[in-house]
Structure formats: structure tokens, C-alpha cells
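Analysis of the macromolecular model
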Amino acid sequence: MSADVPTGAPLKLFNSLTRQLEEFRPIHPGEARVYTCGPTVYNYPHIGNMRAYVFADVLGRTLSWKGYKLTHVINITDVGHLTDDADAGEDKLEKAAAQNAQSIWDIARHYTEAYWADIKALNIRQPAHWPIATDYVPKMIAFAQSISAHCYELPGGLYFDTSTVSHYGALARAVSDDGEGRIDPVEGKRHRADFAIWRKTPPGETRQMEWDSPWGRGAPGWHLECSVMSGELLGFPFDIHTGGIDHREIHHPNEIAQNQAFCHSDASGANIWMHNNFLVERSGKMSKSAGEFLRLQLLIDRGYHPLAYRLMCLQAHYRSELEFSWEGMQAALVRLKRIVMGLERLRAKAESEPAGTAELSLHQIDEAISNDLNTPRVLENALLISELKGHASDRLVAIFECDKVLGLGLQALTRSALRIRPKSAMITEPEIEAILARRKEARAAKDFATSDRLRDELAAQGVEVMDGDPLGWDWKLA
Ligand code: AMP
Ligand code: ZN
């Protein structure tokens, strides 16, 4: 399957532009060029944000698995993203810096590193490029100059006139420029949907991040950044642009308008636009303005391995909303433990068996992933493989092949790695082992009353004794 020439089932992807499944046809034969809107590094990413990158990673892995030479770009937005997508409010990073009395550059570095740590923990592959928006400001200015015929100046900065491109907002399916969510807070804009390309620093103010430009000292608009970084690193047109579904409404229509102006074309700049649906959480814990919000570290602190969260994402199709719950996390962790234990048994069997020769067909897996990245089906099929007849070593090879797409890191994952000490745990591991040793003695002496009492003692401390598990015990997670 990892042949040089793309093979197997035709890859069908849902294109938000046409709202249809379309066959992936690379612009450059044998290659796939993908741009993913990256994080705004003013705070930690929440796990909903990370769903967007798990999705982009599965897309990238699938393209690689099917034999395309992948060039993936994920940008880092460290300037220009306002607190309100409809072109209003403050710059998210300037605001965070003011609140924390910290340099904006330190804030950006800190949260970029935190984001990269989450990327690593979730086994998301490194893209070819991580462009950082502030490194591209001169190129943004040049891009803005080249589309000046589509822009007009207001006291606040340079604005894009959305009436100068054809089908503005087609991606959002907006029928008119006063569609939903299009607020108009800036005086003098020609159309409500017009957006800032360059925002001037208001007179008498200074920003920590500002640059000279033909339109005065200021900072680039967020939409401009993605057009410039994608065009620079992948070349227009490129194959696939991804982001969360919220970007389908404003950010991506605005990128498209800029791309059209820049390329003197009606085309959007990317052949396929893909959007992942949201991870939702009812109690509002996903909001970064809430005190304790749902970031990956919170899951880890509570004893959940980050790859259990990845599995939770894979269990839903990327275009479906996914509801977060702790029960769901628990179920995903248990499932992952079962998978790993199944593989450990299969490994032991493979060692005691003569090596296999027959290759298992991965046809169904290929069909499932090629059908708009149907990861729930791939998972089901991959798990079936472990139950098939035939040589254990063949089955192992087949499962690890599926994992090239799923990215659960199954070759290296062990049952003990999945046992993460919750932050709230009071008892230490040696104490647990000592109690278990006493329990073993009691059982050997057929003193079941003592054995049960020790089990209850551990249960009261949040530890579950698991006689069927190779590790013998685990943390009880709420
Ligand atoms: P931001 O850092 O706000 O620019 O968001 C980073 C990425 O996360 C974008 O692609 C968003 O569309 C996406 N995103 C934001 N919230 C969620 C969510 N709850 N579930 C899935 N993706 C999200
Ligand atoms: Zn973007």
C-alpha cells in the first residue's frame, strides 16, 4: 500500500465548496499539498482545537499511505486574530499580553510550545512547514499591494472590497452580504462583509507588534496571513485547505476573496476545502475564558492518556459533531487498553508460531479510509483483523498498516504506558504494590476475608485491582 505510485480505491473527500464528495485529483502528479489553519497562540489550545489537527493529521497520513508525496503546512498565528471574527475587538495576543503584563513575543512562544507539546502527545505528525505569521509580514505587505485595486483605505486601515470578486462568500453559502453573523462595526465600510487587510495602530497608541506599511504603522489582518503563507509555501492553486467548520463562514471566504484577487482568477486558490465539525461540551468547559478549561493536560492530570482522546476523535467521523463527556473518555481509554492488550497477546502468539507468509488484504480498510476518511469503519475493521484466523504475525503486520492511517502509535504503545497516575492520587505506586503483595499472600493462604479487605482498601484510595489485566491494577478514573 505504501507504493511509490498512488494505488487502491479512489480517494473521495467532501469538498465544502461544492458540498459534495469529490475524487482527489492531485494538481502535481503523485503529490499532495495541504494547508491547515493553525492555532492562535494567545492561550493553550483546548481539546476541541486539537480535534482539528487530529483530523488534518489523518488526512495527511491517508495521503501518504496512498502513496502521495505530502507537503503539509500548518501555520502559527501570532498576530492579527481579533477577539471577534467579524472584524471587531482587540488583537487576541495584544490582549493576553496586557492581561499578563508579559511581552507578546514571550506569550506567543510559550503557547506555541504548549501547542507543539499537544501535537506530539497526540501523535500528530510534524508538517513540512510551521510558518509563523510574524515572519511573513513583508510578504503580506507585498501581497496587499498587489491586490490594491480590490482595496480601499479608511482611517482604521486598508479594507478589502468584497464586491470586487465573483461569488464572494460562496463557501459559506451566504446569499447576501448581510447574512448571519456579519456585523458591521467599522464606520465607512462599503459592504458589511468587507474586512481589514491591514489595521493601522490608532493615533496615540503603540502596539507591541507593529510594522511600517504604505498604509501606516500597524499590523496585518488574520485572513491575509493564511493567504500569504499558503501561497508562498504551496503555490496557488494547491490541493487541499483544511480548518474547523467555523472557518467556513468568515475566515475561509475571506481567504478565497484575497486569493481570487491575487491570482486574477475566479478560482478559490485550493481545489478542495475541508472542514472538521466541532467537539462540543455542554457545561462550557471548552471556553478558554472559563477558569479551568478542557485542555489536553487536564485529561492527563485526571489519568487519561492523550491517545485515548485521539481514539475518541477517530471513533467519530470528522464531519459529525462529537460530544465530549468524561464517560466517553473513559470508554475510549478502556477500548484503547483492550486494543493494546489484544496486540500484546498477538505478539506473544507470533513469537511462538512459525512466520506467516500470506498477506492479509487491506481492501476494506482502504475502502473505508478512501470514503471521506471514515475512521470509525477503519477502526472496526482493524479490530476485526486481530480476531481473524491465520498467522498472528500477518495479523500484526496488517494492524500496524492500518495504524499508519489511524496514528495511535500501536507499535510502541504498552499497557503500562496507558496507566497514568492521576494528579489527585494520594497513594504511591510502591504502597500499592506492597498492599498487593500482602493480598497475594492472603490468597495463597486462602484467607479470602483479608484479600477482600485489601482490595477494598485499595478501592477506597482510587485503585482498582484487576486480576485479568497483565498489570494487575489500575487507577479508577471518575
Ligand atoms: P483557533 O486557535 O481559535 O484559530 O482555532 C484553531 C482550530 O480549531 C481552528 O481550525 C478552529 O476552527 C478549530 N476549532 C475551534 N473550536 C473547535 C471545536 N470546539 N471543535 C473542533 N475544532 C475547533
Ligand atoms: Zn487560516
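Given the structure is predicted, the values throughout are model-derived calculations rather than measurements. (Residues numbered from 1 in each chain as written. Chains lettered and ligands numbered in written order. Predicted model: local features only at pLDDT ≥ 70, side-chain atom pairs only at ≥ 80, totals over all residues. Heavy atoms only, no water.)

Of all the seven residues making up strand 12 (residues 270-276), six are buried; the element is thus mostly covered by neighbouring parts of the structure. The β-α-β motif built from strand 11 (residues 238-244), the intervening helix 6 (residues 251-263) and the parallel element strand 12 has right-handed crossover chirality. (Buried < 20%, exposed > 50% of the residue type's maximum accessible area, 1.4 Å probe, protein only. Helix = DSSP H or I, 4+ residues; strand = E, 2+ residues; numbered from the N terminus. Right-handed = clockwise from strand over helix to strand, strands pointing away.)

Once that is clear, we can look at the sheet that holds strand 11. What the four strands build is an open sheet, ordered 4-3-11-12; its pairing is parallel. The sheet is open, and its two edges are formed by strand 4 (69-74) and strand 12, each paired on a single side. Within this sheet the neighbouring strands show an average axis-to-axis angle of 20°, counted without direction. The pairing of strand 3 (residues 31-36) with strand 4 spans six bridges and is classified as parallel. (Pairing = 2+ DSSP bridges. Axes fitted to C-alpha atoms, helices over the stretch in contact; angles between N-to-C directions.)

In this section: the coordination of the zinc ion (ligand 2). Only Cys37 (SG), Cys226 (SG) and His251 (NE2) from the protein coordinate the zinc ion (ligand 2), and they sit 2.0 to 2.2 Å from it. For Cys226, a relative accessible area of 1% gives the class buried. Overall, His251 belongs to the buried group, its relative accessible area being 1%. (Donors = N, O, S within 2.8 Å, 3.2 Å for Na, K, Ca; no water.)

Moving on: the site of ligand 1. Around ligand 1, the surrounding shell holds 18 residues, and the nearest of these are Thr40, Gly48, Gly244, Asp246 and Leu279. One of the backbone nitrogen or oxygen atoms of Thr40 is found 3.0 Å away from an oxygen atom of ligand 1. Relative to its unbound accessible area of 490 Å², ligand 1 is 93% covered by the protein chains. Those elements that provide at least two residues to the shell around ligand 1 are helix 1 (47-65) and strand 11. When residues in the shell around ligand 1 are grouped by element, the largest group, four residues, is from helix 1. Each residue belonging to the shell around ligand 1 can be placed in one class, and the counts come to six nonpolar, eleven polar and one charged. (Near = heavy atom within 4 Å. Polar contact = N/O pair within 3.5 Å; in protein donor to acceptor, adjacent residues only side chain to side chain. Areas by Shrake-Rupley, 256 points an atom, 1.4 Å probe, with all protein chains shown as cover. Nonpolar A, V, L, I, M, F, W, Y, C, P; charged D, E, K, R; others polar.)

Let's shift gears to the domain arrangement of the protein. Interface size is commonly expressed as the accessible surface area that is lost when the partners come together. Split by domain assignment, the protein resolves into domain 1 (12-282), domain 2 (296-418) and domain 3 (429-477). Domain 1 and domain 2 are separated by 33 Å when their C-alpha centres are compared. Domain 1 puts 31 residues into the contact, and the matching count from domain 2 is 33 residues. A per-residue breakdown of the area domain 1 buries against domain 2 is headed by Ile47, Arg51 and Trp65, which together make up 24% of the total. Connecting domain 1 to domain 2 are three salt bridges. Asp57 is paired through a salt bridge with Arg310; the nearest N and O atoms lie 2.8 Å apart. Taken together, the connections running from domain 1 to domain 2 amount to 20 residue pairs in polar contact (both at pLDDT 80 or more). Mapped by element, the contributors of at least two residues to the side of domain 1 that touches domain 2 are strand 1 (12-15), helix 1, helix 3 (104-121), strand 12 and strand 13 (279-280). (Domains from an automatic or database assignment. Contact = heavy atoms within 4.5 Å. Buried area = accessible area lost by both parts, 1.4 Å probe. Salt bridge = Lys/Arg side-chain N within 4 Å of Asp/Glu carboxyl O.)

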